[in-house]
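# Reading the structure
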Amino acid sequence: MIRITYITITYNAANVLQRTLDSVLKQDYPHIVHLIIDGASTDNTLKLVDEYIARSNAAENGHQVQVSSEPDKGIYDAMNKGLRSADGDYLCFLNAGDFLPSSDTASRIAQAVANTQEPSQLPAVLYGDTDIVDGEGHFLRHRRLAPPERLTWKSFRQGMLVCHQAFYARTDFAIATPYNMQYRYSADVDWCIRVMKAADKEQVPLLNLHMVVANYNEEGQTTLHHRESLWERYRVMEHHYGRVQTFALHCWFAIRALLNH
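Residues numbered from 1 in each chain as written. Predicted model: local features only at pLDDT ≥ 70, side-chain atom pairs only at ≥ 80, totals over all residues. Heavy atoms only, no water.

What follows covers the packing of helix α1 (residues 14-25) against helix α2 (residues 45-59). One can describe the packing of α1 onto α2 by two numbers: an axis separation of 10 Å at closest approach and a directional angle of 15°. Taken as axis vectors, α1 and α2 run roughly parallel relative to one another. Remark: the crossing between α1 and α2 carries right-handed chirality. Where α1 abuts α2, its residues A14, L17, Q18, L21, D22, V24 and L25 lie against T45, L48, V49, Y52, R55 and S56. The residue makeup of the contact of α1 with α2, split by class, is 8 nonpolar, 3 polar and 2 charged. (Axes fitted to C-alpha atoms, helices over the stretch in contact; angles between N-to-C directions. Helix = DSSP H or I, 4+ residues; strand = E, 2+ residues; numbered from the N terminus. Parallel < 35°, antiparallel > 145°, perpendicular 65-115°, else oblique. Left-handed = near helix turned anticlockwise from the far one by under 90°. Contact = heavy atoms within 4.5 Å. Nonpolar A, V, L, I, M, F, W, Y, C, P; charged D, E, K, R; others polar.)

Right, here's the structure in full:
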């Protein structure tokens, strides 16, 4: 049975963290490690985490919870700390405010891996669909960008087709691919592409889970810094796909938006 590590990055996140913790706590799959990487919060975040640890221990669900709290240099620095602490087979970044959609999400993911035709070689990435929720955790809509049937690193030329929270990277590939700290808002896009590039180089397949695996809070840092995030994503795409192709694709995106308006 595969071991899944969920990594939750927090900083003064008490107003949105509870639903994230609850969604992991209620998973009926026992082989889960939950890493909580806190940036020295000054609100009730750590109080909620302490209560969560107590509830997890009382539930005897087999989950392990590990917590660190210290100042960091931003969210991607914290994510790199999470990578350095991760083990098991797969990891997923489930940040404060985001949550797993049902109590059997992890067990269904594990079953999908078990059903692969090549059980001796674990897929490099497991990917699924995402639903968008508001700041209260209420369903808003299915994510507009949807994963293709067969995902490759080149797929992201069309945008980030798989949400970061719906991207389960095999731990060895993930650890070997730290987040690029030169990006402030879009290092997650770059990270996903580089993980998939490494998988392609090693000829390790990716697995489409064909299920919603994450509820994503749209009111995160990318939304708050939308313009800066878009420019960084453009730079990421230039780096991986070339200047000419990236410019041409974005011209097409603009034309398509006008036609669909």
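After that view, the rundown keeps rolling.
A few words now on the pattern of salt bridges. All told, the structure shown has 6 salt bridges when counted by the stated rule. Between E51 and K47 there is a salt bridge, and its shortest N-O distance comes to 2.7 Å. Residue E51 and its partner K47 are located together in helix α2, separated by 4 residues, close to a single helical turn. Judged by its relative accessible area of 35%, E51 is partly exposed. Among the salt bridges present, the one from D190 reaches R194, with a minimum N-O distance of 2.8 Å. Remark: R194 and D190 occur in helix α6 (residues 187-202); sequence separation between them is 4 residues, near one turn of the helix. You can call R194 partly exposed: its relative accessible area is 24%. (Salt bridge = Lys/Arg side-chain N within 4 Å of Asp/Glu carboxyl O. Buried < 20%, exposed > 50% of the residue type's maximum accessible area, 1.4 Å probe, protein only.)

With the rule as written, the count across this model stands at 8 aromatic pairs. Plain terms: the ring middles of Y76 and Y179 are 5.8 Å apart, the flat faces sit at 20° to each other, and that makes the pair stacked. Pair noted here: Y76 is in helix α3 (residues 75-85) and Y179 is in the loop between α5 (171-175) and α6, with a separation of 103 residues, a long-range link. Per residue, the accessibility class of Y76 equals that of Y179, and both read buried. An angle of 10° between the planes, with centres 5.8 Å apart, marks the rings of W231 and Y234 as stacked. With a gap of 3 residues between them, W231 and Y234 both fall in helix α8 (residues 226-241), about one helical turn apart. (Phe/Tyr/Trp six-rings, centres within 6.5 Å; stacked < 30°, edge-to-face > 60°.)

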